[in-house]
Amino acid sequence: MRNEKGDRRERELVNRLDEAGFAVMRAPASGAATTRELPDVLAGDGEVFYAVEAKSSAGDPIYLTGEEVEALVYFSQNFGARPKIGVRFDREDWYFFHPSDLHVTDGGNYRVKKETALSAGDTIADLAAAGEGEANGDDGADVEGVLQAVAQGVLSVEEATEMLD
């Protein structure tokens, strides 16, 4: 039952991104279906590309393991996409975060509270607007995110350098 809800939410996210003008696909082999580390959703609009790890919850908060986040960042770096954690709480919209913007617990896991998602998360419209800014050479937000990921130990300096080249 739990996977059914997650699958339904991922399909919902794919449809919402498609409606926003992204070419989008759900990675059918993500999660427990494979030993390869794949994001749940890939989306792009020709200017900007995202690898999204999608999580939903009826309650609060949403947790991700350090391994999930590291795998997302690693895949994104190799694929040439921006890593995003997509969260959806019941009766709310989708909100997105760069991994470096998430709270890291003492145990090395990541947490998103509902209040944080509603106040600080990017919307699908924000993701679409990022591509428009990219066309104008405005990629400062990603540089800051990469630097924060290095500071948190999510990325090595070498990995960050490759992402910013």
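Every value quoted in this text rests on a predicted model; they were computed, and no experiment measured them.

Caption draft 1: View of the sheet that holds strand 4 (residues 62-64). Strand order across the open sheet formed by three strands is 4-8-7, with antiparallel pairing between neighbours. In the strand order of this sheet, the two ends are held by strand 4 and strand 7 (103-104), each with one partner. Note that strand 4 and strand 8 (residues 110-112) share three bridges and pair antiparallel. By the bridge assignment, Leu64 is partnered in strand 8 with Tyr110.

Caption draft 2: Structural detail: the pattern of salt bridges. Scanning all chains against the criterion turns up 10 salt bridges. Note that Glu10 and Arg26 form a salt bridge whose closest N and O atoms lie 2.7 Å from each other. Remark: Arg26 occurs in strand 1 (residues 23-26) and Glu10 occurs in helix 1 (residues 2-19); sequence separation between them is 16 residues. Exposure remark for Glu10: the relative accessible area of 9% places this residue in the buried category. Each of Arg9, Glu12, Arg88 and Asp90 takes part in salt bridges that share partners, so that together they form one network.

Caption draft 3: Expanded view of the nonpolar core. Counting 23 residues, the largest nonpolar core has Leu64, Ile85, Val87, Phe97, Leu102 and Ala117 as its most contacted members. If you tally residues by element for this core, the top one is helix 2 (residues 66-79), at four residues. Ignoring sequence-local partners within four residues, the contact set of Ile85 consists of Glu53, Leu64, Val69, Leu72, Tyr95, Phe96, Phe97, Pro99 and Leu102. Counting residues in each nonpolar core, the second largest holds 15 residues, with Ala43, Tyr50, Trp94 and Ile124 among its members.

The rules behind the values
- Residues numbered from 1 in each chain as written.
- Predicted model: local features only at pLDDT ≥ 70, side-chain atom pairs only at ≥ 80, totals over all residues.
- Heavy atoms only, no water.
- Pairing = 2+ DSSP bridges.
- Helix = DSSP H or I, 4+ residues; strand = E, 2+ residues; numbered from the N terminus.
- Salt bridge = Lys/Arg side-chain N within 4 Å of Asp/Glu carboxyl O.
- Buried < 20%, exposed > 50% of the residue type's maximum accessible area, 1.4 Å probe, protein only.
- Core = buried A, V, L, I, M, F, W, Y, C linked by side-chain atoms within 4.5 Å.
- Contact = heavy atoms within 4.5 Å.

Note that all results are geometric; they support no functional claim without further evidence.
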